[in-house]
Amino acid sequence: MKKLFSLILACVLTVGTFAGCKAESAATNSAVSTNSDTETQKHINVAFFWISTGLDPAVDYDGWVTSRLGTSETLIKLDDDLKPEACLADEWKNIDENTWYFHIREGVKFTTGNQVTAQEAADSIMRAVESNPRAEEYLKIDHIDADGQDLTIVTKEPNAALLNNMAEPVFSIIDTSCSDDEIRSKVCGTGPYMVTEFVSENKVELSANPDYWDGEPGLDGITVTQIVDSDARAMSVQSKEIDLTNTIDNTTLKLFTGNSDYNVSSIISPRVNVAYMNNAETSPLSDVELRKAISYAVDRESYAGLIGGSAAHSAYSDSTPFGNETIDAIEYDPDKAAEILDEAGYIDTDSDGFREDRSGNQLKLKYLQAADHGSADSAILAQAVQSDLKKVGINVELLAVENLSDYQSSGDFDFYTANDNSAPTGDPQLMLETMYTKNASSGKQNLTGYQNDDIDRIIEEMNKTFDTEERYKLAAQASQILNDTAANLFLTNSYINMVSLAKVKNAEQPVCDYYFITKDITVE
Amino acid sequence: MEKYILKRFLQLIIVLFGVTLITFIITQAAPSDPAEMKYISMGTIPSEELLEQTREEMGLNDPVIVQYGRWLANVFHGDLGESSKFSEPVLSQMAKKLPMTLELAGVSFLVMIAVAFPLGILAAVKKNKIADYIIRVGSFFGISMPNFWLGLILMYIFAVRLGWFNVVSENNLSGIILPVLTLTIPMICGYIRQIRTAILEEMNSDYVIGARSRGISEKRILFFHIMPNAISPIITLMGLSIGGLLGGTAIVETVFSWQGIGNMVVEAIRVRDYNLIQAYVIWMAVIYVGVNLLADILCRALDPRIRLKNKSD
C-alpha cells in the first residue's frame, strides 16, 4: 500500500514539477507582457477557428482569412445592412449595363510601401481572376482599364451583382510586385495590420501597419492562433490565454453573457442553418406534399432556443434586407403536418409508430449530418428534427459523416445539413443561382435537384436589374416560391459572436463574416 | 535471426505493395471526383470542359492500374508527388507534421509503460486487496472515458481552473502534458488490466508453484520467472498501440490544437488528396510492420519457447 501511495505521489510530483515550470514560465511571460504594455506595447492574443494553409487572397478561400486578420482590403466593404460602403475605392458608379467605374482612394499604401493606384488594383483583380475560377465567375470580366486613380471594369455581359461581388475577399487588393511566396506568407495588402510571422494552419503574428490610410490601428501587435474546437476556444478565453475569439457555441456562450469579466458581441448573421431536402426522383422527398408536411412539423423557434439565433422564415437570413417581412413563412403546426400526410396517403399501416409511403412500403429518411466550423449546432439540429418528425410519424435515420460530398455526389441522401451564407456578397442573386437553379456557378451547387421555372425567370431578370431595391423585391418573390414549394427546411438564422476579455475594447461582431480584426479594436 | 529479419523485410515490401494498391483502388472507387473537389475547395463549380481538362492533367482518365503504376514509378524515384490540398510536395508536408506526431506518440508510449507496468504488477501482486480494488476501479473509469471528453475535462481542470497549463499546446514540455495525459489515461487503464490478468494467469502455473517450493523469493519469481512469460502478449499489444499513436490522433490534435499528422490525413481524405493519402498509407504500413517486427524480435529474445518453436518449424 505504501508503495502505491509512493507511486501516486511520484506521479503527482512529476506533473507538479512540469506544471511548476509552466506556471513560472507563464508568470514570466505575463510579466514581460504586462511590463511592455505599461511602456509601449498594446498586444492581444486572438483565436480563429480556421487559419488557412497560405495567405494569398486569390487562392481558395484564403482571402477570407487575410480579410479577417485585417491584413487585406477590397475596393468596397459591406456594412451591417450588407450594403456597399467605401473602402479602397471612395467613389463608384455604374456607367452602363456592362461598365463599372471605381475611383481609387488617394494616398493609400501597401504594407510594402508602394502606392495603390488604379493600375495596381487592376493587376491585383486580374491576378485573382486568373488564379481563382470563383473570381472569374463573380466578375464575368472582359477587360479592365486603369488611368491614374480611375479604374473601369468592362464585363462580358450585364452583371448587376458586380458591385457587391467586389467585396468578396478574393478581390483583396495586394501588391502584385511581391513574389507569390511573399504574398503567400505576408499578404502584401493594405489593411491596418501586416504579417510578421505565419505558420500554416497554426499561427499568425501581426504588427500595426504604420502607413495605414484610415488612421492609427488600435494595437501594436496581435498573435492569432488557430483553435478548431469551439469548447477549447471558450476555455482559452476563460483561462485568459486568449483575449478575443469568435464563433462560440450558444450553449457555451452563456458562460460569458452577463459576466463583467467579458465582452460578448452577438448578431444575427446572413448564415442560415438549412436541412437540404433531396428533390430528385430517387428520394421520397421528391413529393412536394411530404416536404410541406415536414416543413410544418419542425419547431424552428425551439431550435433557435437550443442553438441560438432566430427561427428562419425563408431561404434568406433575417439579417438580409431582402424583404423577409413580406414573406409568408411556414409556421410550426404538427396537426397540419399530420393532416397533409394523411391526405397524401402516408399512413402507419403496420402500427409501428411510423408512417409507410403511399405504396405501403417502409418510409425511412436518411439525414446526413457533418460538423461545420467546429460547432456542435448541426448535430443538435439533426436530433431535434428527427425528434419532431417522429412526433408526426416520420422515421428519420441520422448519419454523422466526415465527408458529405461522397453522399451528395451519389445522391444518396434525403436530407443533408449545412450552415450556408444566404448572401455571400450581400446580394441575393448568388445564393439563389447556386442553390436553386441548374446553373450552379459559384461556391456550392444545386445538389438537391430543385428546379422551378419561375426561379429561373427571376434569375434572368436579376441579371438585368441594377436597381438595388428592385433586386430585393425579386429576391422576396423567389423566397416566397421556395417557401410555397417547401424547397428545403430553413431552420434557424445563425448568431455569430465575438467574445473577449473586458480589457479588449471595440470588438464588435460585424454582420458580414468577412471581417473580424479591425483598426478600432484596442486594449486598455 | 538475420534470416528471420530478412524474411520480415521481404514481407514488408509485399505488404507495402498490397496496401498501397488496395488504398488506391478504394479511394478511386469513392464517388467524389478529385478534379471536382479541387475546384469546390476553391469555391467554384467547374464546367464539364474544365473538369475534363483537369482530369486529363491529373491523369485521372487513365485506368486505375496505370495511375498506380505511374505513382509507384515516381515513388521509386523518391517522388511522392504534390499535395493538391496543401499545394506543396507531399514529403515536405509529411516532414512538417511528423515530428509533432512522433513527439506525442513517443512521450505517450513512455508514460504509458512507466505507469501501466508498476500499477498492473501491483494490482496482480495485491490481488483482492485494497490496492487492487482501487487500481481496478480507477482503470475501469479510465477506460470508459472517451478521448475528446477526457481532453476537455483535463483542459478545464488544469488550464482553466488551476492555470497550470495552456489551452493551446505549445511545443515544449508543459505543452505536451495534457495531450499526453488524454491519450495515455485510457491506454494505461487498459494495459493495467491486461498486465494484471497476464501475471495472474502465470501465477497459477506449475513452474511458479515449483519455484516457491524451492524457496525462491517472491520478487525473483515475479521478475525473473513470471514476467518474461507474461510479457509476450503485452508486447504484441503494445506494438499495435504504438502503431495507432504514430498514425496520429485527430481528436486529441483538434482539441489541443496539436499540429500532427492525424488532422492532416482526415483533411486529405476529405478532399481526395490521393498523393497525401498514399504517403500516409506507406507510413502506416512501415510503422505497423516495423513495430510488430520489433515486438516479435523482443518476444523471441524474452521467451525461449518462441525461439525453440520457430527453430523446430
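Just so you know, these numbers come straight off a predicted model, no measurement behind them.

Reading guide: rules and limits
Residues numbered from 1 in each chain as written. Chains lettered and ligands numbered in written order. Predicted model: local features only at pLDDT ≥ 70, side-chain atom pairs only at ≥ 80, totals over all residues. Helix = DSSP H or I, 4+ residues; strand = E, 2+ residues; numbered from the N terminus. Buried ≥ 20, exposed ≤ 12 C-beta atoms within 10 Å, placed from the backbone. Contact = placed C-beta atoms within 7 Å. Rg over C-alpha atoms; globule rule 2.2 N^0.38 Å. Pairing = 2+ DSSP bridges. Axes fitted to C-alpha atoms, helices over the stretch in contact; angles between N-to-C directions. pLDDT = per-residue confidence, 0-100. Left-handed = near helix turned anticlockwise from the far one by under 90°. Nonpolar A, V, L, I, M, F, W, Y, C, P; charged D, E, K, R; others polar. Expected span 1.5 Å × (residues − 1). Bend = angle between axes of the 7 residues up to and from the residue.

(A) Representation of the overall build of chain B within the structure. From N to C terminus, chain B includes 14 helices and two strands. Once the C-alpha set of chain B is aligned to its principal axes, its extents read approximately 85 × 60 × 30 Å. Expressed as a percentage of the 313 residues in chain B, the buried residues total 35%. Here the contacts in chain B between residues at least 6 apart in sequence split such that 71% fall between residues at least 24 apart.

(B) View of the overall build of chain A. Within chain A one finds 16 helices and 19 strands. Taken over the C-alpha trace, chain A has a radius of gyration of 26 Å; the compact-globule value for 524 residues is 24 Å, and the two agree within 12%. Considering only C-alpha atoms, chain A reaches an extent of 85 × 75 × 40 Å along its principal axes. Out of the 524 residues belonging to chain A, those deemed buried represent 50%. Across chain A, contacts joining residues at least 24 apart in sequence account for 69% of those joining residues at least 6 apart.

(C) Representation of the pairing of strand S1 (residues 43–48) of chain A within the structure. Residue and element names in this part refer to chain A. Extensive coverage of S1 is indicated by the burial of five of its six residues. Looking at chain direction, S1 and strand S10 (residues 221–226) are connected through six bridges and run parallel. Paired with phenylalanine 48 across the two strands is glutamine 226, which belongs to S10. The sheet contact formed by S1 and strand S11 (residues 244–246) spans two bridges and is parallel. From the neighbouring strand, alanine 47 faces S11, where its bridge partner is threonine 245.

(D) Looking closely at the sheet that holds strand S5 (residues 99–104) of chain A. Residues and elements named next belong to chain A. Taken in spatial order, the four strands make up an open sheet running S4-S5-S7-S6, and their pairing is antiparallel. A strand with exactly one partner marks an edge of an open sheet, and here the two such strands are strand S4 (89–96) and strand S6 (141–147). The sheet shows a mean angle of 15 degrees between the axes of neighbouring strands, direction not considered.

(E) The confidence of the model for chain B, seen in detail. Residues and elements named next belong to chain B. In this model, chain B carries an average pLDDT of 84, and 94% of its residues clear a pLDDT of 70 or more. In the model of chain B, helix H14 (residues 304–312) stands out as the element of lowest mean pLDDT, 66, in contrast to helix H6 (residues 130–144), which has the highest, 92. Note on the complex model: pTM 0.81, ipTM 0.76.

(F) Structural view of the packing of helix H5 (residues 90–125) of chain B against helix H8 (residues 173–203) of chain B. All names here are of chain B. At a minimum axis separation of 7 Å, H5 and H8 run at an interaxial angle of 35 degrees. The two elements H5 and H8 meet at a crossing, and its hand is right-handed. The residue inventory of the contact of H5 with H8, partitioned by class, reads 22 nonpolar, three polar and two charged.

(G) Quick look at the pairing of S4 of chain A. Residue and element names in this part refer to chain A. Bridge analysis of S4 against S5 gives six bridges, and the strand direction is antiparallel. Looking at S5, one finds that alanine 89 is bridged to isoleucine 104. Once S4 ends, the chain turns through two residues before running back antiparallel as S5.

(H) Structural view of H5 of chain B. Between its first and last C-alpha atoms H5 of chain B spans 50 Å; for 36 residues at 1.5 Å apiece the expected length is 52 Å, and the two agree. If you look at H5 of chain B, its biggest bend is around 30 degrees, right at lysine 97 of chain B, and the proline proline 99 of chain B turns up within four residues after that.

(I) Quick look at the environment of serine 108 of chain B. Residues and elements named next belong to chain B. Following the sequence through the fold, serine 108 ends up in helix H5. Considered as a pair, serine 108 and proline 179 are 71 residues apart in the sequence and their alpha carbons are 8.6 Å apart. Setting aside chain neighbours within four positions, we find serine 108 in contact with Val180, Leu183, Thr184 and Leu245.

(J) Representation of helix H7 (residues 230–238) of chain A in the model. The buried fraction of H7 of chain A is high, at nine of nine residues. Along H7 of chain A, the positions that sit buried rather than exposed are Ser230, Asp231, Ala232, Arg233, Ala234, Met235, Ser236, Val237 and Gln238 of chain A. Along its buried surface, H7 of chain A packs onto S1, S11, helix H8 (250–253) and strand S17 (489–501) of chain A together with helix H7 (147–161) and helix H11 (250–255) of chain B. Lysine 240 of chain A sits one or two residues past H7 of chain A and shows a positive phi near 65 degrees.

(K) Examining the environment of asparagine 209 of chain A more closely. Residue and element names in this part refer to chain A. Along the polypeptide, asparagine 209 turns up in the loop between strand S9 (203–208) and S10. Counting along the chain gives 120 residues from asparagine 209 to alanine 329, while the straight-line C-alpha distance between them is 47 Å. When residues no more than four places from it in sequence are discounted, the contact partners of asparagine 209 are Thr111, Gly191, Pro192, Tyr193, Met194 and Pro217.

(L) Main features of unusual backbone geometry. All names here are of chain A. With a phi close to 55 degrees, threonine 247 is a non-glycine residue in the positive phi region. With respect to the helices, strands and loops of the structure, threonine 247 is situated in the loop between S11 and H8. Assessed through the 23 C-beta atoms surrounding it within 10 Å, threonine 247 is described here as buried. One non-glycine residue, asparagine 506, lies in positive phi territory at about 65 degrees. Counting through the fold element by element, asparagine 506 comes out in the loop between strand S18 (504–505) and strand S19 (522–523).

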